[in-house]
Amino acid sequence: MENKNPMGYKPIFPLLMSMAFPPMISMLIQSLYNIIDSIFVAQLGESALTAVSLIYPLQNLSLAFSCGIGIAMNAIIARHLGAHNDQEASDVASQGIVMSLLHSLLFVVIGLFFIRPFVSMFSSHQEVIQYGIQYGTIVITFTFFSFVHLAIEKMFQASGDMIIPMIMQIVGAVVNIVLDPILIFGYFGFPALGVNGAAIATILGQMSACFLSIYLFYKHSQHIHVSFKHFKINFQTFKNLYSIAIPSGVMLCMPSLLVSVLNGILASISQSAVAFFGIYFKLQTFIYMPSNGVIQGMRPIISYNYGAKEKKRMDETIKMAGLSISVILLVGTLLFFFFPQTILKMFNANQAMLDIGISGLRILSLAFILSTIGIVMAGVFESLGKGSLSLIISLLRQFIIIIPASLLLIPFLGLNGVWLTFPLSEIIASIVAFILFIKVYKGINPKQD
């Protein structure tokens with residue numbers, strides 16, 4: 001067969017599932033880690049849980065930077081591979097790795113010098129501040145391991161290999177999960193390090209995934225070859241990467257910015273509200289990360305077939321991805337709506353948190369199923385190199401509507417007014433996303449037979 005890459009000829013649904021299932025599994029495990037991590041930390045008290053919740057936006061920020069570059073590498077590399085330009089794909093990979101390392105230096109600076117002022121913006125409680133400094137200094141300063149790992153993961157995915165990225169993610173998450181209780185509570189002769197132990201376990205998990213990813217890339221990568229011999233920064237390649245990475249990175253930054261702003265609003269009402277919102281934001285990754293796994297499987301298929309001008313395969317990919325994601329998000333809505341108390345009790349929730357959280361989870365759950373169109377369309381725009389359109393959808397979903405609407409509704413509905421803004425923003429973003437999709441997609445011309 002002339003086209004040996006399965007993205008060009010394999011039936012779409014089994015192809016999508018074969019590419020989506022591994023990242024779905026790895027992301028479910030990663031989400032499970034986030035939840036288990038919070039369950040362990042919650043045993044140290046609400047102050048520790050609140051502190052970790054306050055640092056979470058900075059962790060999301062580092063993830064946004066690293067994933068933004070990775071998404072750009074994924075889209076451009078897959079497009080080059082679809083056009084059978086392996087050397088250009090390899091050049092983009094080398095430039096992307098350097099870009100990732102340069103960006104990680106920003107978080108070294110943040111971790112060393114800005115954790116205390118950041119935590120102090122949201123709490124005057126000294127125990128919360130101290131816990132936040134302990135946890136944040138470690139997990140933010142050493143985040144460069146995650147930058148390298150995610151860049152390599154996206155290179156594998158761009159070439160259609162989803163199994164190796166799954167292995168890398170699973171190893172990192174398992175190391176993290178296993179070390180969490182050992183280092184937090186001091187099992188097997190280790191000292192009980194508390195919040196510091198949770199942070200060290202996180203970094204050791206990321207380090208494991210990073211070193212494994214480097215080894216597996218040099219051993220198994222077939223189409224992409226990274227080399228730094230005679231390396232020079234190619235500013236045109238940087239520009240091309242940034243054209244996707246900046247909108248995608250900003251889009252991924254939105255949760256961090258949203259959480260930080262809402263934490264400031266919620267802190268003026270109650271510490272329990274901050275702790276609950278931190279729990280929710282980790283819980284929602286358990287629903288959205290599998291959906292993102294489908295998007296990760298979808299992106300290289302669309303990018304490859306866009307490069308090959310196979311519009312019919314692009315059409316079918318979008319339909320199959322949309323159906324798969326809607327099923328995942330519907331399950332999330334049902335789970336959060338019918339079992340909020342059971343979920344919250346896993347986090348040692350006191351009565352104040354239950355009073356806030358039961359109605360909160362039920363209202364917030366509606367946003368899951370309503371976000372289907374916005375999530376799928378954002379992924380399609382990224383695949384086509386239209387990162388600015390993804391940014392528009394993300395801003396509508398996660399910032400422009402939620403913050404002002406929360407301030408307007410709190411005086412009338414209290415905390416429930418904040419939670420209601422989430423499904424409201426998804427409805428508006430879905431309408432805009434669909435209109436933009438129709439406008440962009442009709443301009444794509446299929447290959448002439």
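Caption draft 1: Structural detail: the overall build of the protein chain. Looking only at helices and strands, the protein chain features 17 helices and zero strands. Its C-alpha atoms give the protein chain a radius of gyration of 21 Å, within 12% of the compact-globule value 22 Å for 449 residues. In terms of overall dimensions, the protein chain has a C-alpha envelope of 65 × 50 × 35 Å along the principal axes. Taking all 449 residues of the protein chain together, 57% fall into the buried category. Of the contacts formed within the protein chain by residues at least 6 apart in sequence, a portion of 82% connects residues at least 24 apart. A total of about 18,200 Å² of accessible surface is found on the protein chain, and carbon and sulfur atoms cover 69% of it. Of the charged side chains in the protein chain, 23 are positive and 17 negative; the average position of the first set lies 6 Å away from that of the second.

Caption draft 2: Fine view of the pattern of salt bridges. Taken as a whole, this structure holds three salt bridges when the rule is applied. Of the charged contacts, one joins Arg397 and Glu426 as a salt bridge, the two residues approaching to 2.8 Å between their closest N and O atoms. Highlighted residues: Arg397 in helix α15 (residues 387-400) and Glu426 in helix α17 (residues 415-441), separated in sequence by 29 residues. One exposure class covers both Arg397 and Glu426, and it is buried.

Caption draft 3: Just helix α6 (residues 144-158), in detail. When the terminal C-alpha atoms of α6 are compared, their 22 Å separation across 15 residues agrees well with the 21 Å that a helix rising 1.5 Å per residue should span. Extensive coverage of α6 is indicated by the burial of 14 of its 15 residues.

Caption draft 4: Seen up close, the nonpolar core. Membership of the largest hydrophobic core comes to 131 residues, with the highest contact counts inside it found for Ile77, Met155, Tyr280 and Trp419. In this structure Trp419 touches Leu266, Phe276, Phe277, Ile356, Gly360, Ile363 and Leu364, once residues within four positions along its chain are discounted.

Caption draft 5: Geometry of the packing of helix α2 (residues 46-82) against helix α10 (residues 271-307). Relative orientation of the contacting elements α2 and α10 amounts to 5 degrees, with a least axis distance of 11 Å. On the basis of the axis angle, α2 is roughly parallel to α10. In terms of residue class, the contact of α2 with α10 is made up of 15 nonpolar, twelve polar and four charged.

Caption draft 6: Region of the structure containing the state of the cysteines. Taken as a whole and judged by the stated rule, the model has zero disulfides. The structure places no disulfide on Cys210, whose sulfur is separated from the nearest cysteine sulfur, that of Cys67, by 14 Å.

Caption draft 7: Expanded view of empty space enclosed by the protein. Enumeration over the complete set of coordinates arrives at two cavities of 30 Å³ or more. Considering only enclosed or pocket space, the second largest cavity measures out at about 30 Å³ in volume. Around the second largest cavity, the lining residues are Pro23, Ser26, Met27, Glu153, Gln157, Met162, Pro165, Met166, Gln169 and Gln296. At the level of secondary structure, the elements contributing two or more residues to the lining of the second largest cavity comprise α1 (12-42), α6 and α7 (163-185). For the lining of the second largest cavity, the per-class residue count stands at five nonpolar, four polar and one charged.

Calculation notes
Residues numbered from 1 in each chain as written. Predicted model: local features only at pLDDT ≥ 70, side-chain atom pairs only at ≥ 80, totals over all residues. Heavy atoms only, no water. Helix = DSSP H or I, 4+ residues; strand = E, 2+ residues; numbered from the N terminus. Rg over C-alpha atoms; globule rule 2.2 N^0.38 Å. Buried < 20%, exposed > 50% of the residue type's maximum accessible area, 1.4 Å probe, protein only. Contact = heavy atoms within 4.5 Å. Areas by Shrake-Rupley, 256 points an atom, 1.4 Å probe, with all protein chains shown as cover. Lys, Arg positive; Asp, Glu negative; His and termini not counted. Charge placed at Lys NZ, Arg CZ, Asp CG, Glu CD. Salt bridge = Lys/Arg side-chain N within 4 Å of Asp/Glu carboxyl O. Expected span 1.5 Å × (residues − 1). Core = buried A, V, L, I, M, F, W, Y, C linked by side-chain atoms within 4.5 Å. Axes fitted to C-alpha atoms, helices over the stretch in contact; angles between N-to-C directions. Parallel < 35°, antiparallel > 145°, perpendicular 65-115°, else oblique. Nonpolar A, V, L, I, M, F, W, Y, C, P; charged D, E, K, R; others polar. Disulfide = S-S within 2.5 Å. 1 Å grid on protein atoms, 1.4 Å probe; cavity = no way out; pocket = protein on both sides within 12 Å on 5 of 7 lines; lining within 4 Å. Points joined across faces, edges and corners; volume = space filled by probe spheres on them.

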